Amino acid sequence: MKLNHLLSLAAVVSLGLVACEKTPAEKSADATADRLDDKADAVKEAGKNEAAAIKDEGKADAKATKNAADADAAAVKQSTEDAAKALEKKADEVKDAAKPQ
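Fair warning: this is a prediction, and the values are worked out from it, not measured in the lab.

Topic: the overall build of the chain
Then, in step 1: When its secondary structure is counted, the chain shows two helices and zero strands.
Then, in step 2: A buried classification covers 0% of the 101 residues belonging to the chain.
Then, in step 3: If you sum the accessible surface of the chain, you get close to 9,000 Å²; carbon and sulfur atoms cover 63% of it.

In structure tokens form, the structure reads like this:
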């Protein structure tokens with residue numbers, strides 16, 4: 001009785017193994033799918049790297065633009081301060097000229 005069960009079990013296992021074997025077409029399809037997955041991963045990684053490079057370049061451009069704007073603002077500030085000092089000096093001269101001597 002036990003022998004029949006073991007033989008039945010062995011037959012089922014051997015049929016299962018034969019049924020699990022892939023045909024050459026299935027193996028080829030799996031290999032193609034694996035290559036495509038690898039290519040997709042490579043494209044995704046390249047995209048991440050390119051996006052990071054663009055982001056870094058944008059940050060560098062923004063920093064350069066900010067530095068240029070800061071320099072321009074400092075120049076305008078200095079220019080206006082110089083103009084204000086000149087006007088104050090002129091105002092003092094006018095006041096001094098108006099004083100009786």
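After presenting the structure, the write-up continues.
Brief notes about the pattern of salt bridges
Then, in step 1: Under the criterion given, the structure shown has two salt bridges.
Then, in step 2: Across the pair Asp70 and Lys66 runs a salt bridge, and its minimum N-O distance is 2.8 Å. Taken together, the positions of Asp70 and Lys66, both in helix H2 (residues 24–98) and four residues apart, correspond to about one turn of that helix.
Then, in step 3: Residue Asp70 is classed as partly exposed on the basis of its relative accessible area of 39%.
Then, in step 4: The salt bridge partner of Asp96 is Lys99, with a shortest N-O separation of 3.9 Å.
Then, in step 5: Exposure remark for Asp96: the relative accessible area of 46% places this residue in the partly exposed category.

Definitions and cut-offs
Residues numbered from 1 in each chain as written. Predicted model: local features only at pLDDT ≥ 70, side-chain atom pairs only at ≥ 80, totals over all residues. Heavy atoms only, no water. Helix = DSSP H or I, 4+ residues; strand = E, 2+ residues; numbered from the N terminus. Buried < 20%, exposed > 50% of the residue type's maximum accessible area, 1.4 Å probe, protein only. Areas by Shrake-Rupley, 256 points an atom, 1.4 Å probe, with all protein chains shown as cover. Salt bridge = Lys/Arg side-chain N within 4 Å of Asp/Glu carboxyl O.

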